[in-house]
Amino acid sequence: MGCAPSIHVSQSGVIYCRDSDESNSPHQTTTISQGTAATLHGLFVKTDAADSIPSVLAYQSRQPPPPPPPPPNCPAHRRRKPAGREGRSGVHHCCGVEAETQTSQTDVKQASATETEIGPMRLTQDPIQVLLIFAKEDKQSDGFWWACDRAGYRCNKARTPESALECFLDKHHEIIVIDHRNSRYFDAEAICRSIRATKPAEHTVILAVVPQMSGNQEETSVLRLLHAGFNRRFLENSGITACYNELIQIEHSEVRSQFKLRACNSVFTALEHCHEAIEITSEDHVIQYVNPAFERMMGYQKGELIGKELTELPKSDKNRVDLLDTINTCIKKGKEWQGVYYARRKSGDSIQQHVKIMPVTGQGGKIRHFVSIKKLCCTNDSNKQTYKTHRDEKCAGDQFQSDSHSFRCKNRRKESIDVKSITSRSSDAPSLQNRRYSSMARIHSMTIEAPITKVINIINSAQENSPVTVAEALDRVLEILRTTELYSPQLGTKDEDPHTSDLVGGLMTDGLRRLSGNEYVFSKNTTNQSHGHLSVPITINDVPPCIARLLDNEESWDFNIFELEAVTNKRPLVYLGLKTFARFGVCEFLNCPEATLRAWFQVMEANYHSSNSYHNSTHAADVLHATAFFLGKERVKASLDHLDEVAALIAATVHDVDHPGRTNSFLCNASSELAVLYNDTAVLESHHTALAFQLTVKDNKCNIFKSLNRNHYRTLRQAIIDMVLATEMTKHFEHVNKFVNSITKPMSSEEAQNEGSDCECTTNLKNIPDNQTLIKRMMIKCADVANPCRPLELCIEWAGRISEEYFAQTDEEKRQGLPVVMPVFDRNTCSIPKSQISFIDYFIMDMFDAWDAFAHLPVLMQHLANNYKHWKTLDELKCRSLRLPSENNNGS
């Protein structure tokens, strides 16, 4: 062992290398074709044809690394050749000069192909190919050599720039390692640039091996390497494990990602040869891709369209005026749109297309692309007279519905039932039924088909052959479905629970009873009121110590907002708002200075009426506090984006600005200016949002939105408006039921299947814009009426304040001769405990059960149970006050 091998050259010029100690082992024999240069045990052997051969060696099968060297005093140590060069031979496949290493199969690491997926596409990845570009062999090149062997990679080595480029163009390696330690042999950056200039290099990871830095040497920037085309930098380390770890990391990150990207070429090949016109745009409707079928259909060349906004292209005047708005509204919500659309070709002709637009979620879980599939509609003379059902269209070979611009804003459209064909087969049915179903068939043929229409059509069809009792029951179902109040529970008679009836009537109606001649205009001088002489902080940190101490506890649910109200002289919103907004990075998101935010809070708080016992800036601060608390819960945080958080905090701040201390019903009955302006619909909520934006944008000093771009501003504005309008009580049960059916129930089912894990659930919620909207609505609704879930003392104080405001409204209704909206709120006869019990039973309990199931709020639910018990005890004792007599006697 350890002796030098014997080298034999045959007459044909073939070199044989055999270890003299193991001549009987055939796998130790190396055969090198004629004209090949090889490095064997450190000896460079050259044949007479070597001058014409590039300096590239390919290694396909290798022996394991040599054993550790013997001690220095051992004679074998002096005879040992450089490590890592035993048992190798080179094979140059790139230039047709072939050599191979003959070894037993047990000595070769066989790398199997791996399977991966990109979307619905399953891929098989061959073993990784690595190209080592080292001018000279040394321990570092050996380290990568054996690392490739351990990982099962196919490895090539090149010594010159020319041979490296030639080999890469032949093999298309996934990883290239270039020696960047010494520029004396070649320019590593020049080699990298030359490889990057080729098309195959688009998906290749190139690693630069750089020398180790001395202890006092400053770390150098990697920008120069990146600009040259390198992807990564490797500090010189000849250890096989270090090299192996680096290569494995590259495989599991960049290489696999690049492999998936490379597979996309097959998808684009399919698109290029597809007969349907395909158009892909960005979220801002900038054209990113069109296929040849699209070019043929529209008459444009690809270069004329890529990079242009859709708004820059000519539009046909045959579409409905509001069709584009309808489409945009649908797809921006993450829903698919299908329908007939007229487009204008480059020649100026209008063509009728059947269009399907699908949103595609991308970076950040947001909609990043819209994919449009377009087919020419088959038009004929009867097209304008006859409408085909979905089943007829399929049988007729994709004949599409008429040129009315029907659309379907659904994720999947199921096949419609052809009521007309069903009724044509039921000639034995009574004539009354025939007439009814004939009418329904005509209605069904209309192209505008809402989900409720589908349900009604299916029920009508089911009635046809049903027994009389079932048909009658379905008739009652149809009567219920045709009402507009699908989500509002029906109350019993007033005598059953006058407190609940009055409370619901006052909060959930718009006061349809009118008395002519009585006009109510709330006082304009209540705005911009003085709040005392307490100075406003110059910065968020510049607050009086007594206020700062209180705000230290602002993240707790038991935070006492009334103490903050007292020390701030009824100006808690500015102080709490500045600290809360800072915690959520609102200034950073809006890109506005702190001074602007402070001025905005001052304006908002000045437009809350301190004369109101309940709807004042303290209530706004309380709702802001509750909203921030909810945003801190893990599942809520995981379901919303930063923009949603900012919108929620702003909505909570402004949700009751300029509230007159009267309900919507009162304003409608009094024919107030606001009720007339907003057509008796969501009067106060519409006013709060409109005034908040008016006050914000009219003065740059407090315009917190001035640095936002148009798209972000519009998205933020719509989110704020939607949340404030959700606080209007007429839609209370609709919002709660939608949340339960779309969020709580599906989430509970998924959790049961996933054994309590909610990671996937929250990811799914975040990817559906409609779900995010439902969460935001539910959050601000709960924050707005969270008083029964506060600690008992705070709950009692809020109950007294809202009761006083309702008492004042009843007093004014009686003075002005207006209908008394909530008669039970008469200060002389009202039982506050009964009113609180009714409010909790009817509005609070179910809503907070649903919200707790989503956000997990055990502290709130415990407070709610305790407070409910408190009001029940008072009611059983026939006590109309806020506290037990014993508590009142003790001065509580």
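A quick note: this is a predicted structure, and the numbers were derived from the prediction, not measured. (Residues numbered from 1 in each chain as written. Predicted model: local features only at pLDDT ≥ 70, side-chain atom pairs only at ≥ 80, totals over all residues. Heavy atoms only, no water.)

**Q** Honestly, the pattern of salt bridges in this entry has me stumped. Any pointers?
**A** Close approach of charged atoms allows side chains with opposite charge to pair. On inspection of all chains with the given rule, the structure shows 31 salt bridges. With a shortest N-O distance of 3.4 Å, Glu-137 and Arg-159 are connected by a salt bridge. Residue Glu-137 is located in the loop between β10 (129-133) and α2 (139-151), and its partner Arg-159 is located in the loop between β11 (154-158) and α3 (161-171); the two are separated by 22 residues in the primary sequence. By the burial criterion, Glu-137 is buried, and Arg-159 matches it. We note a salt bridge from Glu-812 to Arg-662, for which the minimum N-O separation is 2.8 Å. Of this pair, Glu-812 sits in helix α31 (residues 792-816) while Arg-662 sits in the loop between α23 (642-654) and α24 (664-669), placing them 150 residues apart in sequence. Owing to a relative accessible area of 13%, Arg-662 belongs among the buried residues under this scheme. Connected through salt bridges with shared partners, the residues Asp-138, Asp-179, Arg-181 and Glu-236 form a single ionic network. (Salt bridge = Lys/Arg side-chain N within 4 Å of Asp/Glu carboxyl O. Helix = DSSP H or I, 4+ residues; strand = E, 2+ residues; numbered from the N terminus. Buried < 20%, exposed > 50% of the residue type's maximum accessible area, 1.4 Å probe, protein only.)

**Q** Would you mind going over the pairing of strand β16 (residues 287-290) with me for this structure?
**A** Looking down a regular strand, the side chains alternate between one sheet face and the other. Of the strand pairs in this sheet, strand β15 (residues 277-282) and β16 are connected by three bridges, and their pairing is antiparallel. Paired with Thr-281 across the strands is Ile-287, a residue of β16. Where β15 hands over to β16, the hairpin turn is made up of four residues, of which His-285 adopts a positive phi near 65°. (Pairing = 2+ DSSP bridges.)

**Q** What should I look at first to understand the environment of His-732 in this one?
**A** As for its position among the elements, His-732 is in helix α28 (residues 732-753). Sequence spacing of His-732 and Lys-781 is 49 residues, and the spatial spacing of their C-alpha atoms is 8.4 Å. In this view, His-732 contacts Lys-781, Phe-843 and Met-847; residues no more than four positions away in its chain are not counted. (Contact = heavy atoms within 4.5 Å.)

**Q** What am I meant to see in unusual backbone geometry here?
**A** Phi is mostly negative for residues that are not glycine, and the peptide bonds are mostly trans. The phi dihedral of Asn-569 falls on the positive side, at around 55°, and the residue is not glycine. Looking at the element boundaries, Asn-569 is found in the loop between α17 (561-567) and α18 (572-583). Given a relative accessible area of 38%, Asn-569 falls into the partly exposed group. In the Ramachandran plot, Asp-658 falls in the positive-phi region, its phi being about 65° despite a non-glycine side chain.

**Q** Where do I start with helix α33 (residues 858-876) in this structure?
**A** An α-helical turn contains 3.6 residues, so any two residues separated by three or four positions project in the same direction. With 19 residues, α33 extends 27 Å from end C-alpha to end C-alpha; this agrees with the ideal 27 Å at 1.5 Å per step. Considered for burial, the residues of α33 that qualify are Leu-860, Met-861, His-863, Leu-864, Asn-867, Tyr-868, His-870, Trp-871, Leu-874 and Asp-875. Lys-878, located one to two residues past α33, shows a positive phi value of around 60°. (Expected span 1.5 Å × (residues − 1).)

**Q** Sorry, what's going on with the nonpolar core here?
**A** A general feature of soluble globular proteins is that nonpolar side chains tend to end up buried together. Leu-590, Trp-600, Phe-630, Ile-650, Leu-716, Phe-848 and Trp-851 are the most contacted members of the largest nonpolar core, which has 111 residues in total. The dominant element in this core, judged by the number of residues it contributes, is helix α32 (residues 832-855), at 13 residues. In this structure, Phe-630 is in contact with Trp-557, Val-636, Met-779, Cys-782, Ala-783, Trp-851, Leu-857 and Leu-860, ignoring residues within four places of it in sequence. (Core = buried A, V, L, I, M, F, W, Y, C linked by side-chain atoms within 4.5 Å.)

**Q** Quick question: what am I supposed to make of the pairing of strand β13 (residues 205-210) here?
**A** The buried fraction of β13 amounts to six of the six residues, a majority that puts the element mostly inside the structure. Sheet topology places strand β12 (residues 175-179) next to β13; five bridges connect them, and they run parallel. Directly across from Ile-175, in β13, lies its bridge partner Val-205. Handedness of the crossover joining β12 and β13 through helix α4 (residues 188-196) is recorded here as right-handed. (Right-handed = clockwise from strand over helix to strand, strands pointing away.)

**Q** I would appreciate a short explanation of the side chain of Thr-689 in the present structure.
**A** Structurally, Thr-689 is set in helix α26 (residues 683-697). Classification of Thr-689 by relative accessible area gives buried; the value is 7%. A distance of 3.2 Å separates the side chain of Thr-689 from the backbone oxygen of Glu-685, its partner in a polar contact. Of note is the side chain of Thr-689, whose polar atom sits 3.0 Å from the backbone oxygen of Ser-686. Setting aside residues no more than four positions away along its own chain, Thr-689 makes contact with Ile-721 and Val-724. (Polar contact = N/O pair within 3.5 Å; in protein donor to acceptor, adjacent residues only side chain to side chain.)

**Q** I tried to follow the packing of α28 against helix α30 (residues 769-784) on my own but got confused; where do I start?
**A** Packed helix pairs are specified by the crossing angle of their axes together with the interaxial distance, meaning the distance between the axes. Relative to each other, α28 and α30 sit at 130°, their axes nearing to 10 Å. Between α28 and α30, the angle is such that the two are oblique. Taken as a pair, α28 and α30 cross one another with a handedness that is left-handed. Each of His-732, His-735, Val-736, Lys-738, Phe-739, Ser-742 and Ile-743 in α28 lies in contact with α30, whose residues at this interface are Asn-771, Leu-774, Ile-775, Arg-777, Met-778 and Lys-781. The residue inventory of the contact of α28 with α30, partitioned by class, reads six nonpolar, four polar and three charged. (Axes fitted to C-alpha atoms, helices over the stretch in contact; angles between N-to-C directions. Parallel < 35°, antiparallel > 145°, perpendicular 65-115°, else oblique. Left-handed = near helix turned anticlockwise from the far one by under 90°. Nonpolar A, V, L, I, M, F, W, Y, C, P; charged D, E, K, R; others polar.)

**Q** What am I meant to see in α4 here?
**A** Of all the positions in α4, only Ala-188, Glu-189, Ile-191, Cys-192 and Ile-195 are classed as buried. End-on view of α4: buried residues confined to an arc of 160°, all on one side of the axis. Its side-chain oxygen at 3.1 Å from the backbone nitrogen of Glu-189, Asp-187 defines the N-terminal cap of α4. (Arc of directions from axis to C-beta.)

**Q** What is the right way to look at a nonpolar patch on the surface in this model?
**A** Taken together, the side chains of Val-222, Leu-223 and Leu-226 present a nonpolar region at the surface, about 240 Å² in accessible area. Within the secondary structure, Leu-226 is located in helix α5 (residues 223-228). (Patch = residues over 30% accessible without salt bridge, like charges linked within 9 Å, V, L, I, M, F, W, Y side chains within 5 Å. Areas by Shrake-Rupley, 256 points an atom, 1.4 Å probe, with all protein chains shown as cover.)

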